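# Structural overview for review
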Amino acid sequence: MVAKSKSEPKHKLTLSVQYVDKRLQDCLTRPLIRKTVQAALFFPAEITLRFVDAEEGKTLNHNYRGKDYATNVLTFAYTEDDDAEITQADIILCTDVLEKEAAAQKKTVLEHAQHLIVHGVLHAQGYDHEEDDEAEEMEALEIEILAGLGLANPYQ
């Protein structure tokens, strides 16, 4: 699958944004989030994006993945099968991890957040990075989508 060109129509998106952790609410606005999610969509979607702190991030990662730490992004995809007409997913971003990673990678929090949103939306649509070829495909899509948003390659 290839990222959309600017001339292709946008897919229908129902988006809910939950700022449980409000630190990014002023810089990562709903319109910017919608634009970022929309750029990564290949199908109509219903997506909830939730910003949480390390405590909630760790609890979710432990309960659903058996990992005892907070991770940057978790995607709960409910319609990964090919027959689904609408992509449905909850995407959880951990603000604490996102901010630490952005600082370590010398990126702005905004750039890193947009990368993680694109990453989560691709997961919601069935993309994965467990195998090398899958990772290469997913990274290439992320680079292309982010470039379309005017953002640099996150892997350099």
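The coordinates are above.
Residues numbered from 1 in each chain as written. Predicted model: local features only at pLDDT ≥ 70, side-chain atom pairs only at ≥ 80, totals over all residues. Heavy atoms only, no water.

### Points about the packing of aromatic side chains
Applicable threshold: Side-chain rings of Phe, Tyr and Trp, where Trp is taken by its six-membered ring, are said to pair if the distance between their centres is within 6.5 Å; with planes under 30 degrees apart they count as stacked, over 60 as edge-to-face, and otherwise as tilted. Only runs of H or I of at least four residues qualify as helices and only runs of E of at least two qualify as strands under DSSP, and these elements are numbered from the N terminus. Whether a residue is buried, partly exposed or exposed follows from its accessible area with a 1.4 Å probe, protein chains only, as a fraction of its type maximum: under 20%, in between, or over 50%, in that order.
Enumeration according to the criterion identifies three aromatic pairs in this entry. Taking 5.0 Å as the distance between ring centres and 75 degrees as the angle between the ring planes, the aromatic pair formed by Tyr64 and Phe76 counts as edge-to-face. A residue pair is termed long-range when its members are at least 10 positions apart, and Tyr64 in helix α2 (residues 54-65) and Phe76 in strand β3 (residues 73-77) qualify at 12 residues. Accessibility expressed as a relative area gives 58% for Tyr64, which makes it exposed.

### Thoughts on the sheet that holds β3
Going by this rule: Following DSSP output, two strands are said to pair if at least two bridges run between them. Note on geometry: axes are lines fitted to C-alpha atoms, helical ones only across the stretch in contact, with angles between N-to-C directions running from 0 to 180 degrees. Whether two residues are in contact is decided by their heavy atoms: any pair within 4.5 Å suffices.
If you trace the four strands from one edge of the open sheet to the other, you get β1-β2-β4-β3, paired in mixed fashion. A strand with exactly one partner marks an edge of an open sheet, and here the two such strands are β1 (13-19) and β3. On average, adjacent strands in this sheet sit at an angle of 15 degrees to one another, irrespective of strand direction. As defined by bridge partners, strand β2 (residues 45-52) adjoins strand β4 (residues 87-94) across eight bridges and the pair is classed as parallel. Across the sheet, residue Thr48 finds its bridge partner in β4, namely Asp90. On top of the sheet, helix α3 (residues 95-104) reaches β2 and β4; it is set at about 65 degrees to β4, its chief contact.

### Focus: the side chain of His123
Filter applied, for reference: Definition of a polar contact: a pair of N or O atoms within 3.5 Å, with one able to donate and the other able to accept a hydrogen when the atoms are protein atoms, and with sequence-neighbouring residues admitted only if both atoms are side-chain atoms.
Mapped onto the elements, His123 comes out in helix α4 (residues 109-124). Among the polar contacts made by the side chain of His123, one reaches the side chain of His129 at a distance of 3.1 Å.

### Section: the nonpolar core
We count it as follows: The term nonpolar core refers to a set of buried residues drawn from Ala, Val, Leu, Ile, Met, Phe, Trp, Tyr and Cys, joined through side-chain atoms within 4.5 Å.
Among the nonpolar cores identified, the biggest contains 32 residues, and Ile33, Val37, Ile47, Phe51, Ile117, Val121 and Leu122 are the most heavily contacted of them. Every element with two or more residues in this core is listed here: β1, α1 (30-39), β2, β4, α4 and α5 (132-148). Here this core takes six residues from α4, the largest share from any one element. Ignoring anything within four residues of it in the chain, the contact list for Leu122 reads Ala40, Phe42, Tyr127, Met138, Leu141, Glu142 and Ile145.

### Notes on α1
When α1 is considered as a whole, its buried residues turn out to be Ile33, Thr36, Val37 and Gln38. Looking at the packing, one finds that the buried side of α1 touches β1, β2 and α4.

### Overview of the side chain of His115
Along the chain, the position of His115 falls in helix α4. A distance of 3.3 Å separates polar atoms of two side chains, one belonging to His115 and the other to Tyr155. Those residues in contact with His115 that sit more than four places away from it in its chain are Glu142, Leu146, Pro154 and Tyr155.

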